[in-house]
Amino acid sequence: MSSGTPTVSTPGAPPPQKAAQRLSAAPVRALAASRLADPRLRAGLFAAGLAALLVTPLFGLNNSALLLFSTVFMWIGLTSSWNIISGFTGYVDFGHGVFFGIGGYTAGLLVTHLEMPFWYTVPFAPVFGFVFALVVGYPLLRLRGVYFSIAMLGAFMAMRELALVFRDFTGGSGGIIFEAVIDRTLFYYVFLGVAVIVVLGTVWLRRSQLGSSMLAVRENEIGAEARGINTTMVKLTAFCVAGSITALIGSLWAYQTAFIDPAIMFRDVLLINLALMVTLGGLGTVWGPALGATVFILLRETLWETEGEDFLVFFGVALIVVVLTLPKGIAGSLADRVHLARARRAGKEESR
Amino acid sequence: MTALLTAERVTCRFGGLVALDAVDFHVDAGEIVGLIGPNGSGKSTLLSCLSAGRRADDGRIRLDGKDITGRRPSTVARLGLTRTFQDARVFGELTVTENALLSRDWTRLPSFGLLRSPERAARERAAGLLDLVGLGGMAREKAGSLSGGQQRLLELVMAIMPGPKVVMLDEATSGVNPALIAELSEHLRLLHREENVAFVIVEHNVGFVFGMADRIVVLQQGRVLAEGPPDEVKSNQEVIDAYLGA
Amino acid sequence: MGQLSQVVLDGIVLGGFYALVAQGLSLVFGVMGVLNLAHGECVLIGAYLAWTAQHYLGVDPLIALPVIMALGFGFGWVLCRTLVIRVVERPPLMSLLLTFGIGAVAQGVLLKLFSSTPRVTTTGYSADVVSIFGLTIPTPRAFMLLGAVVILVLTWALLNRTRVGRSIQAAAQNKAAARVVGIDIAAVYAIAFGIGIALVFAGGTLLGSAQGFYPFLGPLLTMKAFAIVVLGGVGRMTGTVLAAMVVGLIETLLASYVPSVGTGLGIAAAFILVVVVLVVRPNGISGGKQVTAGV
């Protein structure tokens, strides 16, 4: 943390007085950041924001604005649940879209084969997501991080293949069409509810014993095990929770869209977006995923209107740039600032 | 009187190399046992086998009458046998208090104020132990910002927190400022008295072990070379030749 | 019986191609610890280069092969020196994200340049077949197997019989020790990455005249290569070849004997195989580096 002022000045290094200037500018920004660290202020901001979002639809937003908002909320839910397995335990799930697809297909298949009313199918989606996570996670979470990541990508692609191949059951590439419910306001509130619950759940999780155990697993699995933490249980719990939330969101999204097929329920872009949003916001932080999702969707809406190949190139480049320049994400860098400010204040008090 | 922790004929092989050759080892309640021996004698391997970090190829391990052979490390820790590591494994991104509280059982659901007492008891115990080793003032710091010596003390608190019967310390003095080693042994004695816990101390620092231990076990090439009170072991000719002589 | 031996032969031909592609992934992963998620896209770049050479310049893919491999080495070397080197020895997520991004860019660019229409590099011998023991192989597929075998043998010789190869192996086994004996690790990384990409460019070139390809094929190839690397054990060339054959055979057997759905199940089958193998033998078919978390 300490700003390593070089004792030996090397030709390439900036002259010492410049470094000092940079330091003197830092406290101002750090002070602003440290205010954000005050939990009461944060809770207040959250409540105010939530109240504003609750009343917003009453002021007659048009449908595309409502859709934009519910898209943001949906992504906040997706990124925050992905963050539980990938950020907190450090087991980066590169095929998390599989749960989105499972959720959508749970809904679609129950509606078409059993003629269930849609809302009755909603509780089944997280249950199937949970079961899938349990069955796949038990063997795969024994793998080391990178292997787990790519094995999940395999699970994702395998499920997409299965959805395509068993066309008598799933409708194959033709997909399933359900009865459309076009009520943007309804979905606005549904996705807002999901986002709020998942984010608050993450806040609680980070402070809970389970959350500390997850971070301990991320840092040192053998060490965590020695402290009496059953690391398999912790990883599996994180995975199942993340998987069932994502499956729930998948089923809701399917209902909103009123159409599913393998190409949209198991779409690669979902994986890229998840990785990009969370990395942008700050992997493993509490607020980072929500922040990343919001910034990303709004940027995309205002700056970018394309699909297809330009989209791929743009996101690919964005991902590369974020990885190379902002590895801790927005929230992670902010948290570093706060710590710097705290350390500096503590230092001042001590020197008095 | 039966011992608290007993290991019978524990054998551990790495490929063709026999790291532990049918070692018998025991710890009585409240005892401090020093485990010494030259590099590669099997001290750390024995410690790993006892704490279930490594599966023994042969032999039985019992803790308080219960067979713990082949259990998960976390289960062994919960049953009352905890350890520290040579490279103090504290969790740098968690605060000091969060580290100390890690051994709580997370599967117990949050009680939302109805049954607060176990939670409060755990927090009070953590605060008390941190005070005892002089880390009370840093409870809200991230563990990653502690010095090497402080991290060792924190790890010691983490190992003591669940109220174990035996705590095994792997090279507790390595990386600790020599000036602070006396302080460390003071903390250990204090914890030993307060908690009535048995210690197994694996050490290179012979002076430290002989000062602390009630009984010394000397390992050499995966076998027990000698065993007894410190004074007796110190004057044992075999031990002097093999290890202490130089 | 006759049909079965034909299916087995087809599986071996496919396995040869997979071995080549998986060896590229295995080499990079073994040396740098970087799992290249743009691997399949690199195969496709090789395929499109060969297609372009044939289509616009009339150069036969087999003649273009050495040039394409050299281009692959250069591309890999530059990619490593400019981007990949910045994420080596950082948390694995960073290299996964970076190569994922590279893959997305490559896919987008290929779509822009060549559209999503499947292509085949047609040559004078595209329609010919080779017969051995009453079994037939289309000539382009025979060249694919032959080319894969030759290139793999050369790679083995390069890794085991030359100074550069030994430096690469040393770096794979122990980075710190390799540094101590004066090996420039960054240079070794770039060379290993270059060789890895040269191998997959070659694979793409050979694939391109044997079957149709299109930009979305990339992730599928990455997945299969990964499944093979895990099955075979990282850093074991014989294991990789063996596993590639197994995956190739399973694929052709499924396609021939499971009616109507068999052809679409390549990834699902490979993935289930990986899960089963990892449960039964956590270190892959032939041992090798540990892949489990160690608890």
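Note: the structure precedes this text.
Below: a short report on this structure. (Residues numbered from 1 in each chain as written. Chains lettered and ligands numbered in written order. Predicted model: local features only at pLDDT ≥ 70, side-chain atom pairs only at ≥ 80, totals over all residues. Heavy atoms only, no water.)

## Details of the overall build of chain A
In terms of regular secondary structure, chain A is built from 17 helices and two strands. Among the 352 residues that make up chain A, the fraction classed as buried is 51%. Pairs at least 24 apart in sequence give 80% of the contacts found in chain A among residues at least 6 apart. Working note: accessible area of chain A is about 15500 Å², and carbon and sulfur atoms make up 67% of it. (Helix = DSSP H or I, 4+ residues; strand = E, 2+ residues; numbered from the N terminus. Buried < 20%, exposed > 50% of the residue type's maximum accessible area, 1.4 Å probe, protein only. Contact = heavy atoms within 4.5 Å. Areas by Shrake-Rupley, 256 points an atom, 1.4 Å probe, with all protein chains shown as cover.)

## Looking at the pairing of strand S10 (residues 223-228) of chain B
The sheet contact formed by strand S9 (residues 215-220) of chain B and S10 of chain B spans five bridges and is antiparallel. Bridged to Leu219 of chain B within S10 of chain B is Val224 of chain B. (Pairing = 2+ DSSP bridges.)

## Some words on the side chain of Glu221 of chain A
By secondary structure assignment, the location of Glu221 of chain A is in helix H11 (residues 221-226). At 2.8 Å, the side chain of Glu221 of chain A forms a polar contact with the side chain of Lys235 of chain A. (Polar contact = N/O pair within 3.5 Å; in protein donor to acceptor, adjacent residues only side chain to side chain.)

## Focus on the interface of chain C and chain A
Where interface size is given, it is often the accessible area lost as the parts come together that is meant. Between chain C and chain A, the contact holds 46 residues from the first and 42 residues from the second. Note on chain C versus chain A: buried area summed over both sides is about 4200 Å², and carbon and sulfur give 80% of it. In this assembly, chain C and chain A are joined by zero salt bridges. Taken together, chain C and chain A are joined by zero residue pairs in polar contact (both at pLDDT 80 or more). Breaking the side of chain C that touches chain A down by element, the ones donating at least two residues are helix H4 (92-114), helix H9 (218-232) and helix H11 (266-280) of chain C. Class assignment for the residues of the side of chain C that touches chain A results in 35 nonpolar, eight polar and three charged. (Buried area = accessible area lost by both parts, 1.4 Å probe. Salt bridge = Lys/Arg side-chain N within 4 Å of Asp/Glu carboxyl O. Nonpolar A, V, L, I, M, F, W, Y, C, P; charged D, E, K, R; others polar.)

## Here's the deal with the interface of chain B and chain A
The interface of chain B with chain A comprises 26 residues on the first partner and 26 residues on the second. Interface area for chain B against chain A, summed over the two sides, is near 2300 Å², with a carbon-plus-sulfur share of 55%. Between chain B and chain A we count three salt bridges in total. Here Arg72 of chain B and Glu225 of chain A are joined by a salt bridge, their closest N and O atoms 3.0 Å apart. In this assembly, chain B and chain A are joined by 13 residue pairs in polar contact (both at pLDDT 80 or more). Mapped onto the side of chain B that touches chain A, the elements with two or more residues apiece are helix H2 (73-79), strand S6 (81-83) and helix H5 (148-160) of chain B. Tallying contributions element by element places H2 of chain B first for the side of chain B that touches chain A, with four residues. Of the residues belonging to the side of chain B that touches chain A, the class tally is 12 nonpolar, four polar and 10 charged.

## Quick look at the environment of Ser115 of chain C
Residue and element names in this part refer to chain C. Looking at the secondary structure, you find Ser115 in the loop between H4 and strand S1 (129-132). Distance in space between the C-alpha atoms of Ser115 and Pro215 is 7.8 Å, their sequence separation being 100 residues. Separated by 2.8 Å, the side chains of Ser115 and Thr117 make a polar contact.

## Structural notes on the pattern of salt bridges
All names here are of chain B. On inspection of all chains with the given rule, the structure shows 15 salt bridges over all chains. Taking the shortest distance from any N to any O, the salt bridge between Arg223 and Asp21 comes out at 2.8 Å. In this pair, Arg223 sits in strand S10 while Asp21 sits in strand S2 (residues 17-27), placing the two residues 202 residues apart along the sequence. For Arg223, a relative accessible area of 49% translates into the label partly exposed. Of the charged contacts, one joins Lys165 and Asp64 as a salt bridge, the two residues approaching to 3.5 Å between their closest N and O atoms. Of the two residues, Lys165 is situated in the loop between H5 and strand S7 (166-170) and Asp64 in the loop between strand S4 (58-63) and strand S5 (66-67); the sequence distance between them amounts to 101 residues. Residue Lys165 is classed as partly exposed on the basis of its relative accessible area, which comes to 32%. Salt bridges linked by common partners bring Glu31, Arg215 and Glu227 together as one network.

This is a description of form; function is not addressed.
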